[in-house]
Amino acid sequence: MLEGIKFVGLDEVKRLLDGLSQEEKEALLTEQMKKLSAESKARVLGLAESGLTVITGSFVSLNSDVSINIQNASGFDAETVFKALVEFRRSEKESK
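Residues numbered from 1 in each chain as written. Predicted model: local features only at pLDDT ≥ 70, side-chain atom pairs only at ≥ 80, totals over all residues. Heavy atoms only, no water.

Novice: Could you clarify how one ought to interpret the overall build of the protein in this entry?
Specialist: In terms of regular secondary structure, the protein is built from four helices and two strands. The burial tally for the protein puts 12% of its 96 residues in the buried class. Put simply, 31% of the contacts in the protein that link residues at least 6 apart link residues at least 24 apart. Taken as a whole, the protein presents about 8200 Å² of accessible surface, with 55% of it coming from carbon and sulfur. (Helix = DSSP H or I, 4+ residues; strand = E, 2+ residues; numbered from the N terminus. Buried < 20%, exposed > 50% of the residue type's maximum accessible area, 1.4 Å probe, protein only. Contact = heavy atoms within 4.5 Å. Areas by Shrake-Rupley, 256 points an atom, 1.4 Å probe, with all protein chains shown as cover.)

Novice: Would you mind showing me how to read the environment of S91 here?
Specialist: Here S91 shows up in helix α4 (residues 78-95). For S91, a relative accessible area of 37% corresponds to the partly exposed category. Within polar-contact distance, the side chain of S91 engages the backbone oxygen of F88 at 2.8 Å. (Polar contact = N/O pair within 3.5 Å; in protein donor to acceptor, adjacent residues only side chain to side chain.)

Novice: Mind showing me how you'd approach the pattern of salt bridges here?
Specialist: Between side chains of opposite charge, a pair can form as their charged atoms come close. Summed over all chains, the structure comprises three salt bridges. Note that R15 and E12 form a salt bridge whose closest N and O atoms lie 3.6 Å from each other. Of this pair, R15 and E12 are both found in helix α1 (residues 10-18), three residues apart, which corresponds to roughly one turn of the helix. For E12, a relative accessible area of 38% gives the class partly exposed. Between E31 and K35 there is a salt bridge, with the nearest N and O atoms lying 3.8 Å from each other. With E31 and K35 both in helix α2 (residues 22-35) and four residues apart, the pair spans about one turn of that helix. Among the residues examined, E31 registers a relative accessible area of 43% and is labelled partly exposed. (Salt bridge = Lys/Arg side-chain N within 4 Å of Asp/Glu carboxyl O.)

Novice: What's the story with the environment of L17 in this structure? I'm lost.
Specialist: Within the fold, L17 resides in helix α1. On the basis of relative accessible area, L17 is assigned to the partly exposed category, the value being 33%. Taking C-alpha positions, L17 is 9.3 Å from L28, a pair spaced eleven residues apart along the chain. Residue contacts for L17: discarding those within four places in its chain leaves K25 and L28.

Novice: Where do I start with a nonpolar patch on the surface in this structure?
Specialist: A grouping of V8, L10, V13, L17 and L28 is seen on the molecular surface, where their side chains present a nonpolar patch of about 410 Å² in accessible area. The greatest single-element share of the nonpolar patch, amounting to three residues, is contributed by α1. Examined against the element boundaries, V8 turns out to sit in the segment before α1. (Patch = residues over 30% accessible without salt bridge, like charges linked within 9 Å, V, L, I, M, F, W, Y side chains within 5 Å.)

Novice: Any chance you could explain the confidence of the model for the protein here in plain terms?
Specialist: Close reading of the predicted structure is inappropriate where its pLDDT is low. Per-residue confidence for the protein averages 76 on the pLDDT scale, and 68% of its residues sit at or above 70. Across the protein, α1 holds the top mean pLDDT of 90, while strand β1 (residues 59-61) sits lowest at 51. (pLDDT = per-residue confidence, 0-100.)

Written as structure tokens, this is what we have:
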């Protein structure tokens, strides 16, 4: 009944992804991230426990303590900004 049907496991998917170029990985991940819920995105980015909210736009006020103004800048690294904010939140919680 299942003749000719091949099953692909997680290891095969990982090998396939490892074989992609950096640009192909970025395009695929961007596409897949758009499909995730806000909660899933926060977990994937490591923000689930941070108390931060991800909002798109040129000016983002995360709360009364943190605001980010991002303009068109070459070399902007969003991951570094988010990691710094997560670390800030962790240190704030630990100091209380």
